[in-house]
Amino acid sequence: MGDIAAGLAISVIKNALFKVIKIRDPHDVGTQVIVQGGTFLNDAVLRAFEQLSEVNAVRPDIAGNMGAFGAALLARDRYEDMRRHTENVPLSPDVGPKVPTSGLLSSPRSRPWPPPIRPCAARAVPTPACSR
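Summary of the structure given here. Bear in mind the structure is a predicted one, so any value in this text is a computation, not a measurement.

## Considering the overall build of the chain
Part 1: On a plain count of helices and strands, the chain comes out with three helices and zero strands.
Part 2: What you see in the chain, going N to C, is helices and strands ordered as α-α-α.
Part 3: Expressed as a percentage of the 132 residues in the chain, the buried residues total 14%.
Part 4: Considering only intrachain contacts with a sequence separation of at least 6, the fraction spanning at least 24 residues in the chain is 38%.
Part 5: Here the chain has roughly 10900 Å² of accessible surface; of this, 58% comes from carbon and sulfur atoms.

What follows is the structure, encoded as structure tokens:
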């Protein structure tokens, strides 16, 4: 059973390095590596990576949450940047608080909400297809 688990861990790392990241030599990852992501919470996957790349990788305690932290920081930075550029845009042309605006609801591709309901002809019980 241990050989099967080790083989799976090696397969995961080879797939990530050679097919996803598309490097030719596992040593191309460098000499100092910090790993992140839930996959690296698995000790066998971490060990397979270290053996294949011949480096001692650092796995922070928050490895499984690092992507979420990065996404939150990026969202914060983009929000602050958008806010700086739209600081004095009024909510309505008349009066109102100065808030950022969005073109999402005015997009020509947006559909009315709620969607229009088509009546079902001669059906005692409406089906989901009738309401489309």
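## Here we look at the pattern of salt bridges
Part 1: Counted under the stated rule, the structure contains three salt bridges.
Part 2: Two residues, Glu-50 and Arg-47, come together in a salt bridge whose shortest N-O distance is 3.7 Å. You can see Glu-50 and its partner Arg-47 sitting in helix H2 (residues 43–53), three residues apart, about one turn around the helix.
Part 3: Between Asp-77 and Arg-76 there is a salt bridge, with its nearest N and O atoms 3.2 Å apart.
Part 4: On the accessibility criterion, Arg-76 (43% relative accessible area) is partly exposed.

## With respect to the packing of aromatic side chains
Part 1: Applying the stated criterion across every chain yields a total of one aromatic pair.
Part 2: Where Phe-40 meets Phe-49, the ring centres are 5.7 Å apart and the plane angle is 85°; that geometry is what we call edge-to-face.

## A few points about unusual backbone geometry
Part 1: Of note in this structure, Lys-22 is not a glycine but carries a positive phi near 65°.
Part 2: If you trace the backbone, Lys-22 turns up in the loop between helix H1 (2–20) and H2.
Part 3: With a phi angle near 55°, Glu-54 is a residue other than glycine that sits in the positive phi range.
Part 4: We classify Glu-54 as exposed; its relative accessible area is 61%.

## Some thoughts on the side chain of Glu-50
Part 1: When its relative accessible area of 14% is taken as the criterion, Glu-50 is described as buried.
Part 2: A polar contact of 3.1 Å, which involves the side chain of Glu-50, links it to the backbone nitrogen of Ala-57.
Part 3: Residue contacts for Glu-50: discarding those within four places in its chain leaves Val-55, Asn-56 and Ala-57.

## Focus: the packing of H1 against H2
Part 1: Relative to each other, H1 and H2 sit at 60°, their axes nearing to 8 Å. One way to sum up the angle between H1 and H2 is to call them oblique. The element H1 and its partner H2 pack so that their crossing is right-handed. Within the contact between the two elements, H1 uses Ala-9, Ile-10, Val-12, Ile-13, Lys-14 and Leu-17 and H2 uses Ala-44, Val-45, Ala-48, Phe-49 and Leu-52.
Part 2: Broken down by class, the residue content of the contact of H1 with H2 amounts to ten nonpolar, no polar and one charged.

## Let's talk about the nonpolar core
Part 1: The biggest cluster of nonpolar side chains holds 13 residues, and the ones touching the most others in it are Ile-13, Val-33, Val-35, Phe-40, Phe-49 and Ala-57.
Part 2: Taken together, the elements giving at least two residues each to this core come down to H1 and H2.
Part 3: When neighbours within four sequence positions are excluded, Val-33 is seen to be in contact with Phe-49, Val-55, Asn-56, Ala-57 and Val-58.

The rules behind these values
Residues numbered from 1 in each chain as written. Predicted model: local features only at pLDDT ≥ 70, side-chain atom pairs only at ≥ 80, totals over all residues. Heavy atoms only, no water. Helix = DSSP H or I, 4+ residues; strand = E, 2+ residues; numbered from the N terminus. Buried < 20%, exposed > 50% of the residue type's maximum accessible area, 1.4 Å probe, protein only. Contact = heavy atoms within 4.5 Å. Areas by Shrake-Rupley, 256 points an atom, 1.4 Å probe, with all protein chains shown as cover. Salt bridge = Lys/Arg side-chain N within 4 Å of Asp/Glu carboxyl O. Phe/Tyr/Trp six-rings, centres within 6.5 Å; stacked < 30°, edge-to-face > 60°. Polar contact = N/O pair within 3.5 Å; in protein donor to acceptor, adjacent residues only side chain to side chain. Axes fitted to C-alpha atoms, helices over the stretch in contact; angles between N-to-C directions. Parallel < 35°, antiparallel > 145°, perpendicular 65-115°, else oblique. Left-handed = near helix turned anticlockwise from the far one by under 90°. Nonpolar A, V, L, I, M, F, W, Y, C, P; charged D, E, K, R; others polar. Core = buried A, V, L, I, M, F, W, Y, C linked by side-chain atoms within 4.5 Å.

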